[in-house]
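Structure at a glance
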There are 2 protein chains.
Amino acid sequence: MSQTQTRMTRQRAVILEELRKTTTHPTADELYGKVRERLPRISLGTVYRNLDFLADSGEIRRLEAAGTTKRFDGNMVEHQHVRCLCCGRIGDIMTPLPTPAVSGMHVPGFSEIRSARIEFDGICDQCASARLVAND
Amino acid sequence: MSQTQTRMTRQRAVILEELRKTTTHPTADELYGKVRERLPRISLGTVYRNLDFLADSGEIRRLEAAGTTKRFDGNMVEHQHVRCLCCGRIGDIMTPLPTPAVSGMHVPGFSEIRSARIEFDGICDQCASARLVAND
DNA sequence: TTTATTTTAGTAAAGATTATTATTAGGAAT
DNA sequence: ATTCCTAATAATAATCTTTACTAAAATAAA
């Protein structure tokens, strides 16, 4: 009996609708502008909260890796990166998988595709052992 | 005569040294903490400016895609993304290249590799035509 | 040295996101 | 329909990250 209920509010519905209507991969603030045309009194915090909610419940996607704090790497040897899904920690993959070839690729809206890279997601040791104690 | 000279200052040298010494892919603020152990009077702005300088001159790497504003996507059909190197605009690649397999991968410091994805960099149409006029 | 110019420290400002709190409104149960 | 419980909202403040500004210091060349 103690499972929390979720409510489909007008705000949540409009946010979802407006996001599905566009292909521009908007930021929270850009979407706020769109949604406000229909719900002038909505607040930016509501947009942020619902985008998080919708992404967590699998109805929309967060663009991967975006929005995290900038990180730097002094190692110029070719390698790839894993990001911990839990804490954001970055690990190095020093034996990289082959990079996909982009020559000849054509994407609408883009005049040129320059390069491609593989990014990995995983769970780091620290977060994995923390989970043994406090499991979701 | 009008080419600007660059100076290897103590601050720049220490920032580069400390970044090369670690494999943690630090943020500007984390590196600031490290560098301050040796140069207590350095300012955070100097760290940011030199990280930008070093990345632009190819001595260090900026972690790809990190640090941009969060973006969202309402399209749950499997696809990949291109990011414009110039303006950050995102495009969709609806005929994705095959995703690399991660089963059996082992990375030191990580207990589990969950998934991999391919990300693309390119130049969008708007930026490409802007370049025709104002070329770097 | 003197000079010209880059770089720095310190601080302010801007931008993005999260937290707080009193109020509103979903929707289940009456 | 009405009542009631609690999730969700609006409004705002606070935090975190990054960039901009400026007078002073440092670097390299003349």
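The preceding data block contains the structure.
Rules used throughout
Residues numbered from 1 in each chain as written. Chains lettered and ligands numbered in written order. Predicted model: local features only at pLDDT ≥ 70, side-chain atom pairs only at ≥ 80, totals over all residues. Heavy atoms only, no water. Helix = DSSP H or I, 4+ residues; strand = E, 2+ residues; numbered from the N terminus. Rg over C-alpha atoms; globule rule 2.2 N^0.38 Å. Buried < 20%, exposed > 50% of the residue type's maximum accessible area, 1.4 Å probe, protein only. Areas by Shrake-Rupley, 256 points an atom, 1.4 Å probe, with all protein chains shown as cover. Expected span 1.5 Å × (residues − 1). Contact = heavy atoms within 4.5 Å. Least-squares fit on C-alpha atoms with pLDDT ≥ 70 in both. Core = buried A, V, L, I, M, F, W, Y, C linked by side-chain atoms within 4.5 Å. Pairing = 2+ DSSP bridges. Near = heavy atom within 4 Å. Polar contact = N/O pair within 3.5 Å; in protein donor to acceptor, adjacent residues only side chain to side chain.

Comments concerning the overall build of chain A
Of regular secondary structure, chain A possesses four helices and five strands. When its helices and strands are written in sequence order, chain A yields α-α-α-β-β-β-β-β-α. Taken over C-alpha atoms, the radius of gyration comes to 19 Å for chain A, far larger than the 14 Å a tight globule of 136 residues would show. Taking the principal axes of its C-alpha atoms as reference, chain A extends roughly 50 × 50 × 25 Å. Buried positions account for 42% of the 136 residues belonging to chain A. When the accessible area of chain A is evaluated, it comes to approximately 8100 Å², of which 51% is carbon and sulfur surface.

Section: helix α1 (residues 10–21) of chain B
Helix length check: α1 of chain B (twelve residues) gives 16 Å between terminal C-alpha atoms against 16 Å at 1.5 Å per residue, within 8%. Within α1 of chain B, burial applies to R12, V14, I15, L16, E18 and L19 of chain B. Tucked into the core, α1 of chain B has its buried residues touching β2 (72–73) of chain A together with α2 (28–36) and α3 (44–56) of chain B.

Examining the relation of the copies chain B and chain A
In the superposition of chain B on chain A (RMSD 0.3 Å, axial shift 0.0 Å), the rotation amounts to 180 degrees. On this basis, the relationship between the two copies can be described by a two-fold rotation axis. Nearest to the rotation axis, the C-alpha of I118 of chain B is located 2.3 Å from it, this being the minimum over chain B. When the interface residues of chain B are mapped onto chain A, 100% of them again lie at the interface, so the same face is used by both copies.

A word on the nonpolar core
The biggest cluster of nonpolar side chains holds 26 residues, and the ones touching the most others in it are F120 of chain A together with F120 of chain B. The set of elements that each furnish at least two residues to this core consists of β3 (80–84) and β5 (110–124) of chain A together with β3 (80–84) and β5 (110–124) of chain B. Apart from the residues lying within four places of it in its own chain, the contact partners of F120 of chain A are Q80, H81, V82, R83, I93 and L97 of chain A together with V102, M105, I113, S115 and A116 of chain B.

Notes on the pairing of β5 of chain A
Walk down a regular strand and you will see the side chains alternate between the two sheet faces. The buried count for β5 of chain A comes to eleven of 15 residues, which makes it a mostly enclosed element. Two strands pair when backbone bridges link them, and β3 of chain A and β5 of chain A are joined in this way by four bridges, in the parallel orientation. Looking at β5 of chain A, one finds that H81 of chain A is bridged to E119 of chain A. Bridge analysis of β5 of chain A against β5 of chain B gives 13 bridges, and the strand direction is antiparallel. By the bridge assignment for β5 of chain B, I118 of chain A is matched with I118 of chain B.

Focus on the protein's contact with DNA strand D
The local shell around DNA strand D holds 19 residues, among which R7, R41, T46 and R49 of chain A together with Y48 of chain B are the closest. Each atom of DNA strand D within 4 Å of the protein was assigned to sugar, phosphate or base; sugar and phosphate come to 71%. The side chain of R41 of chain A places a nitrogen or oxygen atom 2.6 Å from a phosphate oxygen of DNA strand D. Within the side chain of Y48 of chain B, one N or O atom sits 2.5 Å away from a phosphate oxygen of DNA strand D.

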